[in-house]
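# Chains, contacts and geometry: an overview
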Amino acid sequence: MEKEVPNLPVEVISYILHFLSMSDRKEASLVSKAWYTASLDQNLQKNVFYRLQGTYDSLEFVRHLRWRQSLCVALSNLDGSPTSRMVIQNIALHLAPHLKSLLLRDSNITESSFMDLVPSCRSLWGLDISCCNCLFKPGTLMADEESKARTAEALVDLRELNLSNLRYLSDMTFNRLTDCMPKLRKLALAGCPIVFELDPYRGVKTCNSPPTLSLTNILCFMDRQAATLKWLNFSRTSITSEAIQSVVQVPGLQLEGLVLQHCKDLTDDAVCAICSCQPSLTSLDLTGCAELTDKSVLAVANLQFLERLSLGKIRLMTDHGLKNLSSIPTLRALDLSECYQVSGLELVNRLALPYATPTLFSLNFSCCTMVKDKKAQIITESELKISKEKDGATLRSLMCLKELCLTACTKLTDTSITKEIRFQELKTLSLNMVHEITDESVVSIAEHCRSLEGLSLNHCGQLTDQGLIAAANHMKRLTNLEISCCDKITSQALEVLVQECKWLRSLDVSMCGGLTIRDIERLQLAHPRLTSIKAKYLEEQTISSLLE
């Protein structure tokens, strides 16, 4: 006789769900009404965004969401039309009191609509108005004291502000906004036309220019809010090494995150200054800073609280610079994509030593063409003993790994994939354009990575139906599969995959020569739970189907 499921309090169930991944929480929410109710706990919904458009279709959904106690909403397709205005008014009426995060990114929201909505959002922690150039072009946002006072009253607890890619942002509008946010922790100014090298105010502390946004004014803001400000983003700006040194040397500033993607003028000296002045950094992104060398990476290794590090597209970096990163005890995510002089061998060996703490959960070697298999060597009996003692220093020792990207690591083969890719907690794996792998690799991955949810095998032309069918029985959690340009795959393999992988929702079979549009249509009709299928450039039908 089956035992009845105990009636646990909703609070207890919510606490249990806290330990599960997002996908596991979705599955657990289907157990019963009580588990579904527990899954809606606001502490579990922090990163869940509801996407609404400025159309009539959104009005009913807005009314449905009003019962949620904690909401993150992203609005798109907004403009000055009556329909958009009606959607905004309904959100202000029904959702505004519970909104925690509001994304207006890349919309044409007008100043009047902005003032209808934002002053009503009195619980906001995050506001994203990046790319909202129509909002800033007139330069009159919150120009009158009454509008500014209403906004300041609503945004007193705001923690995160995204002002990226605003062509018309000026010192004047920047000050009007930030004056309303005394508790701001995160500020993004990526892609903004900031004046870094000249001081338009010639040392005067009053900075209120209507046409330009200047570093001088930003530094004045940072002086005022150094105690609360913890995260900055100056990506894709013309920030100089001298300017970034002025930023990190602001008295009282203790940054936790700094993003400087594609800042072409940064030098090694600037990175050394960052690491010296801001030792508490937990996240640092230097992707695309092309002038940096191993000297910068060696300086970064001194950041003993660092958790996330992105060094992608730093073409001058070598394995020598990476050797000390293993000394960072808290490192959890490392991005080395498109670093063409990096093989990763010494880094992985150091991270995987028996006495090292396996904290790394995300590793990206995408387009690192120096990454390859170990080649067998002829060794003596005594050398064999030494080799066995060193056997623990392998990629497999990174037991916490959940994300691994080896896209375009074209020198890898079945030999390394079958031996090294064995992670019980791995969630996503990308092997796009690893041309040498065969069915042997896919079957091995399926058998040894049972938690896999996302698998990308685009342009792996040697894969066949036989391998995917053999692997399907082990990939019970798979939700996303990409196998574009795999010409040996046919509808037979897809049918087995969809039958065995009950949670499969997204499938990419673009340019697969063994499939036709007719095959995909049959698949969609038979399995409506497949909500996203990409099937570009497939033949209408094959010769065999013409003869049917």
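Residues numbered from 1 in each chain as written. Predicted model: local features only at pLDDT ≥ 70, side-chain atom pairs only at ≥ 80, totals over all residues. Heavy atoms only, no water.

Right, let's get into the pattern of salt bridges. Going through the model one piece at a time under the given rule, you end up with 14 salt bridges. The residue Arg315 makes a salt bridge to Glu338 at a minimum N-O spacing of 3.5 Å. Of this pair, Arg315 sits in the loop between β12 (308-310) and α14 (319-322) while Glu338 sits in the loop between β13 (333-335) and α15 (345-351); the two residues are 23 residues apart in sequence, bridging distant segments of the chain. Assessed through its relative accessible area of 38%, Arg315 is described here as partly exposed. (Salt bridge = Lys/Arg side-chain N within 4 Å of Asp/Glu carboxyl O. Helix = DSSP H or I, 4+ residues; strand = E, 2+ residues; numbered from the N terminus. Buried < 20%, exposed > 50% of the residue type's maximum accessible area, 1.4 Å probe, protein only.)

Take the side chain of Asn432 next. Mapped onto the fold, Asn432 is located in the loop between β16 (428-430) and α18 (439-448). Judged by relative accessible area, which is 12%, Asn432 ranks as buried. Only 3.4 Å separates the side chain of Asn432 from the backbone nitrogen of Leu457, close enough to count as a polar contact. With sequence-adjacent residues up to four places away left out, Asn432 is seen in contact with Leu406, Thr407, Ala408, Ser456, Leu457 and Asn458. (Polar contact = N/O pair within 3.5 Å; in protein donor to acceptor, adjacent residues only side chain to side chain. Contact = heavy atoms within 4.5 Å.)

With that settled, consider the side chain of Thr287. Considering the arrangement of structural elements, one finds Thr287 in the loop between β11 (283-285) and α13 (294-300). Under the relative-accessibility criterion, Thr287 is labelled buried at 12%. Leaving out residues up to four positions away in the same chain, Thr287 has contacts with Leu260, Gln261, His262, Ser310, Leu311 and Gly312.

Among the surface-exposed residues, Glu197, Glu242, Asp265 and Glu291 lie close enough to one another that they form a single negatively charged patch. Considering the arrangement of structural elements, one finds Asp265 in the loop between β10 (257-259) and α12 (268-277). Since its relative accessible area comes to 44%, Asp265 is described here as partly exposed. (Patch = residues over 30% accessible without salt bridge, like charges linked within 9 Å, V, L, I, M, F, W, Y side chains within 5 Å. Areas by Shrake-Rupley, 256 points an atom, 1.4 Å probe, with all protein chains shown as cover. Lys, Arg positive; Asp, Glu negative; His and termini not counted. Charge placed at Lys NZ, Arg CZ, Asp CG, Glu CD.)

Turning our eyes to something else, we now look at the packing of aromatic side chains. Within this structure, the stated rule accounts for four aromatic pairs. Ring centres 6.4 Å apart and planes at 70 degrees place the aromatic pair Phe196 and Phe234 in the edge-to-face group. Of this pair, Phe196 sits in the loop between β7 (194-195) and β8 (213-214) while Phe234 sits in the loop between β9 (231-233) and α11 (241-248), and the two are 38 residues apart along the sequence. Positioned above the aromatic ring of Trp125 is the side chain of Arg159, whose terminal nitrogen or guanidinium carbon lies 4.3 Å from the ring centre. Across the ring face of Trp231, the terminal group of Lys186 is positioned such that the distance to the ring centre comes to 5.4 Å. (Phe/Tyr/Trp six-rings, centres within 6.5 Å; stacked < 30°, edge-to-face > 60°. Lys NZ or Arg CZ within 6 Å of the ring centre and 35° of its normal.)

What follows covers helix α8 (residues 145-154). Buried within α8 we find Ser147, Thr151 and Ala154. The arc that holds the buried residues of α8, viewed along the axis, is 60 degrees, so those residues lie on one side. Structural note: α8 exposes Glu145 and Glu153 on the side pointing more than 90 degrees away from its buried face. The inward-facing, buried residues of α8 abut α6 (111-117). (Arc of directions from axis to C-beta.)

Take helix α1 (residues 10-17) next. Taken residue by residue, α1 has Ile13, Ser14 and Leu17 as its buried positions. The arc that holds every buried residue of α1, seen down its axis, measures 100 degrees, which confines them to one face. Looking at α1, the residues exposed on the side facing more than 90 degrees away from the buried face are Glu11 and Tyr15. Looking at the packing, one finds that the buried side of α1 touches α2 (22-28) and α3 (33-39).

Time to look at the packing of helix α19 (residues 465-472) against helix α20 (residues 491-500). Running from N to C, α19 and α20 cross one another at 10 degrees; their axes reach a closest spacing of 9 Å. Considering the angle they form, α19 stands roughly parallel to α20. Contacts between α19 and α20 involve Asp465, Leu468, Ile469 and Ala472 on the former and, on the latter, Gln492, Ala493, Val496, Leu497 and Glu500. For the contact of α19 with α20, a count of residues per class yields six nonpolar, one polar and two charged. (Axes fitted to C-alpha atoms, helices over the stretch in contact; angles between N-to-C directions. Parallel < 35°, antiparallel > 145°, perpendicular 65-115°, else oblique. Nonpolar A, V, L, I, M, F, W, Y, C, P; charged D, E, K, R; others polar.)

Attention now moves to the environment of Cys485. Relative to the helices and strands, Cys485 is located in the loop between β18 (480-482) and α20. When its relative accessible area of 17% is taken as the criterion, Cys485 is described as buried. Spatially, the C-alpha atoms of Cys485 and Ala143 are 55 Å apart, while their sequence positions differ by 342 residues. For Cys485, the contacting residues outside a window of four places in its chain are His459, Gly461, Ser510, Met511 and Cys512.

Counting buried residues in strand β2 (residues 71-76) gives five out of six residues, a clear majority hidden from the surface. Relative to β2, strand β1 (residues 49-53) is paired through five bridges, and the arrangement is parallel. Residue pairing across strands places Gln53 opposite Ser76, the latter belonging to β2. In this region the chain leaves β1, passes through helix α4 (residues 57-65) and returns to the parallel neighbour β2; the handedness of that crossover is right-handed. Regarding the hand of the β-α-β motif, the stretch spanning β2, helix α5 (residues 82-94) and strand β3 (residues 99-103) is right-handed. (Pairing = 2+ DSSP bridges. Right-handed = clockwise from strand over helix to strand, strands pointing away.)

With that settled, the discussion passes to the pairing of β3. Counting buried positions over the five residues of β3 gives four, a clear majority of the element. Pairing analysis gives four bridges linking β2 to β3, with the strands arranged parallel. Of the residues in β3, the one forming a bridge with Ala74 is Leu103. When β3 meets strand β4 (residues 126-128), the two strands line up parallel, connected through three bridges. Within β4, the position partnered with Ser101 by the bridge is Gly126. Between the parallel elements β3 and β4, the chain passes through α6 in a crossover that is right-handed.

Here the protein averages 89 in pLDDT, and 91% of its residues register 70 or above. Counting contacts from residues 376-380, a segment whose pLDDT is below 50, to residues more than four positions away or on other chains yields two contacts. Every residue in residues 542-548 scores below 50 in pLDDT, and together they form five contacts with partners more than four places removed in sequence or on other chains. (pLDDT = per-residue confidence, 0-100.)

Another point: unusual backbone geometry. The phi torsion at Asp106 lies on the positive side, around 60 degrees, for a residue other than glycine. Along the polypeptide, Asp106 turns up in the loop between β3 and α6.

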